[in-house]
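Descriptive analysis of the structure
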Amino acid sequence: MVKEGADAPGDSDVQLVERTLAGDARAFELLVIKYQRRIQRLIARMVRDTDLVEDIAQETFIRAYRALHQFRGDAQFYTWLYRIAVNTAKKALLDLKHDPLITEAALRPEGDDDETFQPGREPIGEETPETLLAAREIATAVQAALEALPEDLRQAVTLREIEGLSYEDIATMMNCPIGTVRSRIFRAREAISAKVRPMLERQTGKRW
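Residues numbered from 1 in each chain as written. Predicted model: local features only at pLDDT ≥ 70, side-chain atom pairs only at ≥ 80, totals over all residues. Heavy atoms only, no water.

**So, the overall build of the protein chain**
If you tally the helices and strands in the protein chain, you get 8 helices and 0 strands. The order of α-helices and β-strands along the protein chain, N terminus first, is α-α-α-α-α-α-α-α. Burial status across the protein chain gives 40% buried among its 208 residues. For the protein chain, contacts bridging at least 24 residues in sequence account for 56% of all contacts bridging at least 6. Accessible surface, the protein chain as shown: approximately 12,600 Å² in total, 52% of it carbon and sulfur. (Helix = DSSP H or I, 4+ residues; strand = E, 2+ residues; numbered from the N terminus. Buried < 20%, exposed > 50% of the residue type's maximum accessible area, 1.4 Å probe, protein only. Contact = heavy atoms within 4.5 Å. Areas by Shrake-Rupley, 256 points an atom, 1.4 Å probe, with all protein chains shown as cover.)

**Focus on helix H7 (residues 167–174)**
What H7 keeps buried is the set Tyr167, Ile170, Ala171, Met173 and Met174. The buried residues of H7 occupy an angular sector of 165° when projected down its axis, which confines them to one face. Looking one or two residues beyond H7, the residue adopting positive phi is Asn175, at roughly 55°. (Arc of directions from axis to C-beta.)

**Comments concerning the confidence of the model for the protein chain**
Put simply, the protein chain has an average pLDDT of 75, and 70% of its residues get 70 or more. For the protein chain, the element scoring lowest by mean pLDDT is helix H5 (residues 129–148), at 74; helix H1 (residues 13–21) scores highest, at 92. Overall, residues 1–9 carries pLDDT values under 50, and its contacts beyond four positions in sequence, including any with other chains, amount to 10 contacts. In this model residues 100–126 is a low-confidence stretch, pLDDT under 50, and it forms 42 contacts with partners more than four residues away in sequence or in other chains. (pLDDT = per-residue confidence, 0-100.)

**Quick look at the environment of Ala171**
Structurally, the position occupied by Ala171 is in helix H7. Look at Ala171 and you get buried, because its relative accessible area is 9%. Note: C-alpha distance between Ala171 and Ala156 (15 residues apart in sequence) is 8.8 Å. Setting aside residues up to four positions removed in sequence, Ala171 forms contacts with Cys176, Pro177, Ile178 and Val181.

**As for the side chain of Arg184**
Note on placement: Arg184 falls in helix H8 (residues 178–204). If sequence neighbours within four positions are ignored, Arg184 has contacts with Asp152, Leu153, Ala156, Met174 and Cys176.

**Some points on the packing of H1 against helix H2 (residues 25–47)**
Relative orientation of the contacting elements H1 and H2 amounts to 140°, with a least axis distance of 7 Å. Between H1 and H2, the crossing angle belongs to the class labelled oblique. In this structure, H1 contributes Asp13, Leu16, Val17, Arg19 and Thr20 to the contact, and H2 contributes Ala27, Phe28, Leu30, Leu31, Lys34 and Tyr35. A class-by-class count of the residues in the contact of H1 with H2 yields 7 nonpolar, 1 polar and 3 charged. (Axes fitted to C-alpha atoms, helices over the stretch in contact; angles between N-to-C directions. Parallel < 35°, antiparallel > 145°, perpendicular 65-115°, else oblique. Nonpolar A, V, L, I, M, F, W, Y, C, P; charged D, E, K, R; others polar.)

**Considerations on the nonpolar core**
Counting residues in each nonpolar core, the largest one holds 53 residues, and the members touching the most others are Tyr35, Ile39, Phe77, Tyr78 and Trp80. Looking at this core, the elements that each hand over two or more residues are H1, H2, helix H3 (50–66), helix H4 (77–97), H5, helix H6 (151–161), H7 and H8. Ranked by residue count, the leading element in this core is H2, at 11 residues. Beyond its immediate sequence surroundings of up to four residues, Ile39 is in contact with Ala57, Thr60, Phe61, Tyr78, Leu81 and Ala85. (Core = buried A, V, L, I, M, F, W, Y, C linked by side-chain atoms within 4.5 Å.)

Shown next as structure tokens:
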């Protein structure tokens, strides 16, 4: 049994949720600390406008706190929190579409200094101004190809390649069979590859 009021960093997410519902505000703070950076990274890949990421992340956790009694523990807490973050970011994107002052930053890929996969950011031989320029062009092409995908394909490949989630977790998040997840990821990769392959061939002189 968890001792009331203890920080207990080893507590599971379910235990932290239970403590929060029992009135322990510190328990929810631990959940925010645990997932804040991951949620911000997810939102940044959807919204792109750095000025909005923190606000949307904060709104995500507010919504999660208010709906915490609905979390039943039949899925991972991050899976549940992810859905709230995506819905909150989607609402922000809809608002942006009606905002004539949308900034260029909202359409430009960001750098990221963590361990997650970054499409198009792999080294291309010796770094020279030409190769760095080529890498940026390829990264831009990958991002454009990703954003051009249908939403279900884009979400599936983002969860797999950027978030690093398992096929099982993705299937749970997207509420579909694992076979469907695999198919969506395959189709997304093929679509992105078709856009990027000609650029790689020009840079390397090889067919892929």
